[in-house]
Protein chains: 2
Amino acid sequence: MGEFELIRNFFAAAPCAQGGEGVVLGIGDDCALLSVPSGEQLAISTDTLVAGVHFADPCDPFLLGQRSLAVAASDLAAMGATPLAFTLALTLPTVEADWLQAYARGLNHMAQRCDLRLIGGDTTRGPLCLTLTVFGRVPAGLALTRNGAQPGDLLCVGGELGNAAGALPLVLGQCSAEPAIAEPLLAHYWSPQPQLALGQALRGKATAALDISDGLLADCGHIAAVSRVGLRIENHRVPTSAALQTFLGAAQAQQAALSGGDDYVLAFTLPAAELPTLQAEGWPVHVIGRVVEGQGVGLVDEQGRDITPAIRGYQHFRA
Amino acid sequence: MGEFELIRNFFAAAPCAQGGEGVVLGIGDDCALLSVPSGEQLAISTDTLVAGVHFADPCDPFLLGQRSLAVAASDLAAMGATPLAFTLALTLPTVEADWLQAYARGLNHMAQRCDLRLIGGDTTRGPLCLTLTVFGRVPAGLALTRNGAQPGDLLCVGGELGNAAGALPLVLGQCSAEPAIAEPLLAHYWSPQPQLALGQALRGKATAALDISDGLLADCGHIAAVSRVGLRIENHRVPTSAALQTFLGAAQAQQAALSGGDDYVLAFTLPAAELPTLQAEGWPVHVIGRVVEGQGVGLVDEQGRDITPAIRGYQHFRA
């Protein structure tokens, strides 16, 4: 038995690969088989992480295991989908048992948190690269798309922004910070919490949604373009964490919240009438602006003055 | 707009990304959405191809486009699934418009042949690597698994074997051959024909099935192990092409058919009573042996003498 067949067996024996709702057939045959309840649709998203581009190489394989699945699962949250399963295509330069075990532990940890089962994939030799495809189910017609924001809707986010962008210099070892600051920022970077429950709560309520991966302004631009509306963001209402403010100062923290990537927090548009119930139920809904007639994304200060910067989302690589 | 966003738009505009049966939402949102008819299950398979490991680098991008999808679609054939859709995770070192256009043409060509729609994926910068995930549908309970071969069943394959392995020295430029020989062999390598229709015809008939990707003997070993039976292959009944026999000579051609990889021809076990109907309907069913009590894979010659070699499947990489 070759090394790579051993790896397949290793993942097949992982806790996150043991059956689960909707999984008819898991790892080991030519295909996996999923069942989707009648009246529901299957939501599918694929994310690739390349060593040296999307994460530092080397990095902690446990944290990478967590992060690689969280990033993909966040797309299920953005559609309001109930998590079902995922596949892992893992390309590795060498087979190192310690690395694999730590990676699988991180993956299992996040899979358990997200209620996702590993049902298949591929293991190949080559430069370190991970492609995860996640599957969820959503009642027909209730998926949260980017297309549906209406003038008058509130623009909301599901939590504080900018933490992951703030963490990046810490991740890259370019600077350090005391634990009270570094720990919450690094936790956001390495172990983002896909807002799966919030996404499901927004079904039938939010008119458009996505998860913020390229930065608030850039991602809001996607909603504006697809929904053919304008979005007006009130700068002072964009929530940032105390740790980020202390670490970067208020102005830089705000910049990170507007343009930083990797937040994996939901942004969504909501008829105002839906807000009280969601807030009463305790969902983290932060109103940061409005949907307006027009196009594009505008940023205003507390006095309503236009302070829109040249909008540029985070690009994973600049040529 | 960054280069990689342009690539996403380019693929979204490709012919193979335009709607289709079961595709509720294609490229452009956080997730794609598929609908699966009531009473059917979703079959899912993922394959990664790494430059320099699974294909020569550089290689013809049109041929790579065909081959990358065919290899993945063959797993749908092996389950008896009806093709629905696929995702493409493409990691590229540089963005070259000519390369991308040729790759997309090859992909479109095979997608049309296999009736598969591109519904999403990811595009990232890094060492050239492709991960394709394919989706099909199959009536609940009728998927062809590897687990179900019964002693007494016939062991069959869906066509000639060894052509792709025979083509490999031509692909690598290690030798040449006259067009009448080289062309059919190279066609098998670069443009395998996933046996999707045959797979669907075998639903409810074959007791076990897979597609031969690691070599006949190695892959039959998977059926034997999972079904807990033995397989007895009659060497002289394993079909090989005239081109392969001329190119390699009879003995080497037979070796390529037994142990060569990348055939993407179906191997399956079949109750003898099912054979006449399938043959009458014109399906390519070649009986090459029997399922027997016991375990493992044995090879016998025309006189019934055991000539089983040390079985070793093709490994993509040997450490």
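Residues numbered from 1 in each chain as written. Chains lettered and ligands numbered in written order. Predicted model: local features only at pLDDT ≥ 70, side-chain atom pairs only at ≥ 80, totals over all residues. Heavy atoms only, no water.

This brings us to the pairing of strand E10 (residues 266–270) of chain B. Residues and elements named next belong to chain B. Counting buried positions along E10 gives five out of five residues, so the element sits mostly inside the fold. The side-chain alternation of E10 yields two buried faces, one formed by Leu 266, Phe 268 and Leu 270 and the other by Ala 267 and Thr 269. Bridging between strand E7 (residues 154–157) and E10 involves four bridges; their strand directions are antiparallel. Its bridge partner being in E10, Leu 155 is matched across the sheet by Thr 269. (Buried < 20%, exposed > 50% of the residue type's maximum accessible area, 1.4 Å probe, protein only. Helix = DSSP H or I, 4+ residues; strand = E, 2+ residues; numbered from the N terminus. Pairing = 2+ DSSP bridges.)

For the rest of this paragraph, the subject is the environment of Leu142(B). Residue and element names in this part refer to chain B. The topology assignment puts Leu 142 in the loop between strand E6 (129–139) and E7. Its relative accessible area of 35% is what places Leu 142 among the partly exposed residues. Non-local contacts of Leu 142, meaning those with residues more than four positions away in its chain, are made with Arg 203 and Gly 204. (Contact = heavy atoms within 4.5 Å.)

Looking now at the relation of the copies chain B and chain A. Between the two copies, chain B and chain A, the superposition gives an RMSD of 0.0 Å; the rotation angle is 180° and the shift along the axis is 0.0 Å. What we have between these two chains is a two-fold relation. For chain B, the residue whose C-alpha comes nearest the rotation axis is Ser38(B), separated from it by 2.8 Å. Interface overlap between copies: 100% of the residues of chain B at the interface are likewise at the interface in chain A, consistent with a symmetric, same-surface contact. (Least-squares fit on C-alpha atoms with pLDDT ≥ 70 in both.)

The next thing to look at is the side chain of Ser241(A). Residue and element names in this part refer to chain A. Within the secondary structure, Ser 241 sits in the loop between strand E9 (230–234) and helix H8 (242–248). Only 2.7 Å separates the side chain of Ser 241 from the side chain of Asn 163, close enough to count as a polar contact. With residues up to four places along the chain from it excluded, the contact list for Ser 241 reads Glu 160, Asn 163 and Leu 185. (Polar contact = N/O pair within 3.5 Å; in protein donor to acceptor, adjacent residues only side chain to side chain.)

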